[in-house]
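# Observations on the model geometry
Spelled out from the first residue to the last, the chains are:
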Amino acid sequence: MEIKKVCVLGGGGFVGRHVVSQLCERGYEALVPCRNINRAKHLAVLPTVSLVEADVHDPEALKRLFEGMDAVINLVGILHEKKRGDFQRAHVELPRKVVDACRATGVKRLLHMSALGASPDGLSRYQRSKGEGEALVLAAHGENLAVTVFRPSVIFGPEDSFLNLFARLLPWAPVFPLGSPHARFQPVYVGDVAQAYVASLGNPATFGKCYELCGPKVYTLQQLVEFVARVKGLRRLVLPLGDGMSALQAWFFGLLPIKLLTHDNYLTLKTDAVCGCSFPEVFNIQPVALEVEAPLYLADIAPPRFISEHRDR
Ligand SMILES: NC(=O)c1ccc[n+]([C@@H]2O[C@H](COP(=O)([O-])OP(=O)(O)OC[C@H]3O[C@@H](n4cnc5c(N)ncnc54)[C@H](OP(=O)(O)O)[C@@H]3O)[C@@H](O)[C@H]2O)c1
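Being a predicted model, the structure only gives us computed values, none of them experimental. (Residues numbered from 1 in each chain as written. Predicted model: local features only at pLDDT ≥ 70, side-chain atom pairs only at ≥ 80, totals over all residues.)

Under the domain assignment used here, the protein contains domain 1 (5–153 + 189–213) and domain 2 (163–183 + 217–276 + 288–305). Spacing between the C-alpha centres of domain 1 and domain 2 amounts to 27 Å. Contact with domain 1, which involves 15 residues of that partner, is made by 13 residues of domain 2. Residue assignment for the side of domain 1 that touches domain 2 shows that the elements contributing at least two residues are helix H4 (125–139) and helix H6 (190–201). (Domains from an automatic or database assignment. Contact = placed C-beta atoms within 7 Å. Helix = DSSP H or I, 4+ residues; strand = E, 2+ residues; numbered from the N terminus.)

Around the ligand, 22 residues are found, and the nearest of them are Gly-10, Gly-13, Phe-14, Val-15 and Gly-77. Ranked by residue count, the leading element in the shell around the ligand is helix H1 (residues 14–25), at three residues. (Near = placed C-beta within 6 Å.)

Let us now look at the sheet that holds strand S2 (residues 29–34). Picture the strands of a sheet paired through backbone hydrogen bonds; they go either parallel or antiparallel. Within the open sheet, the seven strands sit side by side as S3-S2-S1-S4-S5-S6-S11. Their pairing is parallel. Each edge of the open sheet is held by one strand with a lone partner, namely strand S3 (49–53) and strand S11 (209–213). Taken over all neighbouring pairs, the strand axes of this sheet differ in orientation by 20° on average, direction set aside. Direction of pairing for strand S5 (residues 109–113) relative to strand S6 (residues 146–152): parallel, over a ladder of five bridges. Within S6, the position partnered with Leu-111 by the bridge is Thr-148. Sitting on the sheet, H4 is in contact with S5, S6 and S11, with an inclination near 155° to S6. (Pairing = 2+ DSSP bridges. Axes fitted to C-alpha atoms, helices over the stretch in contact; angles between N-to-C directions.)

Next comes the structure, spelled out in structure tokens:
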């Protein structure tokens, strides 16, 4: 299968920009539909990338985008719902429309982003919707559409919204009450995830497969927060909360206008995001360790704007 032109849904996001820039490096042409082109303008400098404003939930718009493409990568996903039904729209209905539009336009290759823990029987609505989406994409694999699904653990890298969040909050909290402290993760570097995507595009060995992507080591949430504090040179008391207090904290944060954590996230954290095996051999990637890469970008993180605004007031 010869692949040259790739449409990347969600290409303007954290993982997307790494996937798009690696596609570019390898000589692919990438079309990136965005809700707001200004938020993805960092990609405009890449020589073989085209940005276009489009509503990817409109089946006709999707068909227009996919016309002439050799492959589609779907990275669209959310952690929090703004309104009820957002998970279903982003994680189930959109993948279904993507499959339909691939079939209608003759696109023969589809890469889909799921997540570890995704399952139709998952505890959280996030996990259930991701699981449903993943299942329908895998079921679409066949002669005319080669599908590959990826299930990463939490992804770290410059501009991630996980470690960076703690890096912004910790300077303001000498005592840090931490919900779900024993939740387990195997963080994977964003560059490794992007490399796996690009490597699998034209590789028939990956067709019809679902890959778990993890870094070299398992950490609890508490270990990760303590790691961030150490990197930032902060002596912090991380106060592990029990299950009841964790649920209460998530419920309270869920009421705030800025979504740091919701009750659905609390339920997601009850399932370990760890792999049962090492990084898939087919990609020939030695996954980058958190201790090597994260200090390079965490040390300079400023506190979140809403905290400085509050302090100024
Ligand atoms: N980051 C992680 O740790 C992690 C771990 C496991 C799985 N994943 C999955 O990896 C994918 C990418 O994650 P990310 O960290 O790169 O997230 P991100 O930075 O928030 O990017 C998500 C992308 O999806 C687009 N998007 C979100 N909701 C949309 C909607 N309703 N309609 C159209 N576009 C929408 C966003 O567009 P705008 O730019 O217009 O907002 C953005 O381009 C997601 O599917 C996520 O579930 C991420």
